[in-house]
Amino acid sequence: MLKRIKVSDLKVGMYVELPSAWHAHPFIRNNFTITSQKQIDKIVEHGILEVNINVDKGVSAPEESALPRREEPQEDLSAKVIAEKLKEVIEDKSIEPQPKAQAVHLYSEKMISKLLEKPTGENIAQFKKDIVNVVDLILEDDATSNHLRKLTSYDYDTYIHSVNVGVYGVSLAKVVFGRSDGHDMHALGAGFFLHDIGKVYVDEAIIKKPGRLTDEEYELVKMHPVWGAKVLMTSEKLLDIGRFVLHHHERYDGRGYPDGISGNAIPLASRIICVADSYDAMTSQRSYRTPFTPQQAKEELKRNKSIQFDPEIVDVFLSLDSESQEVPIPSGETDINLANRIWDSSKR
Ligand SMILES: [Fe+2]
């Protein structure tokens, strides 16, 4: 529950929700727990008079200090402003790796969500240019890219998943391809972020359906790599990306889709996405099931070496420093639940 209070009533331990406009306050994130008096001073110095606190997530305030609620106007940033903000955050050397990773993740999500609203060839080409900074950051700044990999999502949406797969994908490609091939890494990186773009052509009710899909629904979902490739291939410059997006659901044993190709016949970048995609699907929260812990998901990757996944890519993934936040599994978890979750992750 939100409570509106004067900034003079702010205390350490309160969870503050600041206006969503990034220029309206001096912090990277809009919502966070106050951990020091210094942060309160910063809010005061910025001329903010009243703030919302979320009393479910932090220390509450006495009843007498509650003010009438007022909704903050939501800021709808344009894709261009988001891209500029992202660049600004990446280039700011004074930001520590962890808040930097959080901000980059947040702005990348916003960029992808904007793109999915209108995935035209022109917008995709622009996105490819804008995401270059994120790819460079993952390639060059190990500390921030480690933090980026540690960020797990609790709300599962196509664009959050896209950012996660993008980050895992670039981290994997960095080891698999080495650092020498900078230019291609930008194209690869854009493709990793855009691998599920074809989902915008699948009925949203099917994408968001909790639980198992019917056979007909699953057949429609299985079309998303084809539709994604089609959108990307409208531009000659995106042809290669289209090709590896087309094959991101092929399996190493040939039992995947759309073409059922196997082993090294699957483009290397598609094999990378397959591992990154499955790992994120297994460790992400869905409304109808609890997620795997990172350790359980890694065990599944190992178990499916040479079946679903390229064994070498799995080994590279396991060698990355990807100690994500542990998500507790409720007691009473059974093997059947685990088996169902593997099915859920493999059907995407
Ligand atoms: Fe997919």
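Note: the structure precedes this text.
Within each chain, residues carry numbers counting from 1 in the order of the written sequence. Since the coordinates come from a predicted model, pLDDT governs what is reported: local features require at least 70, and pairs of side-chain atoms require 80 or more to be given and counted, while whole-chain, interface and lining totals use all residues. In computing side-chain values, all of the structure's heavy atoms are included and hydrogens and water are not.

Each helix is a run of DSSP H or I of at least 4 residues and each strand a run of E of at least 2, with the numbering of both proceeding from the N terminus. Of the regular secondary structure elements, the protein holds 16 helices and four strands. When accessible area is computed with a 1.4 Å probe and restricted to protein chains, residues below 20% of their type maximum are described as buried, those above 50% as exposed, and intermediate ones as partly exposed. Looking at the protein residue by residue over its 348 residues, the buried ones come to 51%.

Quick look at the coordination of the iron ion now. Looking at the metal site, the iron ion is ligated by Asp 196 (OD), His 224 (NE2), His 248 (NE2) and His 249 (NE2), spaced 2.1 to 2.3 Å from it. Each metal's donors are the N, O and S atoms found within 2.8 Å of it, except that Na, K and Ca use a 3.2 Å limit; water is left out, so coordination can look incomplete. Sites are called tetrahedral only when four donors show all angles between 85 and 135 degrees, square planar or octahedral only when four or six donors show opposite pairs over 155 degrees and all other angles between 65 and 115, and irregular in any remaining case. Around the iron ion, the four donor atoms are arranged such that angles at the metal cover 84 to 174°; this shape is classified as irregular. If you list the donors of the iron ion from N- to C-terminus, the spacing comes out as D-x27-H-x23-H-H. Assigned by exposure class, His 248 and His 249 land together as buried.

Below, the discussion takes up the environment of Glu 300. Mapped onto the elements of the fold, Glu 300 is located in helix α14 (residues 294-303). A relative accessible area of 11% means that Glu 300 is categorised as buried. Glu 300 sits 21 residues away from Tyr 279 along the chain, and the two C-alpha atoms are 8.7 Å apart.

The pairing test for Phe, Tyr and Trp rings, Trp by its six-membered ring, is centres within 6.5 Å, and the orientation test on the planes gives stacked under 30 degrees, edge-to-face over 60, and tilted for anything in between. Under the criterion given, the structure shown has five aromatic pairs. Plain terms: the ring middles of Tyr 218 and Tyr 257 are 6.5 Å apart, the flat faces sit at 85° to each other, and that makes the pair edge-to-face. Of this pair, Tyr 218 sits in helix α10 (residues 215-221) while Tyr 257 sits in the loop between α12 (239-246) and α13 (268-283), and the two are 39 residues apart along the sequence. Judged by its relative accessible area of 17%, Tyr 218 is buried. Arranged with centres 4.7 Å apart and planes meeting at 55°, the rings of Tyr 279 and Phe 317 form a pair that is tilted. Highlighted residues: Tyr 279 in helix α13 and Phe 317 in helix α15 (residues 311-319), separated in sequence by 38 residues.

The four strands are arranged β1-β4-β2-β3 in an open sheet whose pairing can be described as antiparallel. This sheet does not close on itself; its edge strands, each paired only once, are β1 (2-6) and β3 (31-33). Strand-to-strand twist across the sheet, computed as the mean angle between neighbouring axes with direction ignored, equals 35°. Any two strands between which DSSP finds at least two bridges are classified as paired. In terms of strand pairing, strand β2 (residues 15-17) meets β3 through three bridges, oriented antiparallel. From the neighbouring strand, Val 16 faces β3, where its bridge partner is Phe 32. Orientation is described by axes fitted as lines to C-alpha atoms, over the contacting stretch for helices, and by angles from 0 to 180 degrees between their N-to-C directions.

This part takes up unusual backbone geometry. Here Tyr 257 and Pro 258 are connected by a cis peptide whose omega angle stands at 10°. Tracing the backbone through its elements, the reader meets Pro 258 in the loop between α12 and α13.

Here the focus is the nonpolar core. As a rule of thumb, soluble globular proteins bury nonpolar side chains together. Grouping buried Ala, Val, Leu, Ile, Met, Phe, Trp, Tyr and Cys residues that are joined through side-chain atoms within 4.5 Å yields what is termed a nonpolar core. Membership of the largest hydrophobic core comes to 60 residues, with the highest contact counts inside it found for Leu 172, Phe 192 and Phe 193. By definition, residues are in contact when any of their heavy atoms lie within 4.5 Å. With residues up to four places along the chain from it excluded, the contact list for Leu 172 reads Ile 272, Val 275, Ala 276, Ile 313, Val 316, Phe 317 and Leu 320. Residues Leu 10, Phe 32, Ile 53 and Ala 61 belong to the second largest nonpolar core, which totals 16 residues.

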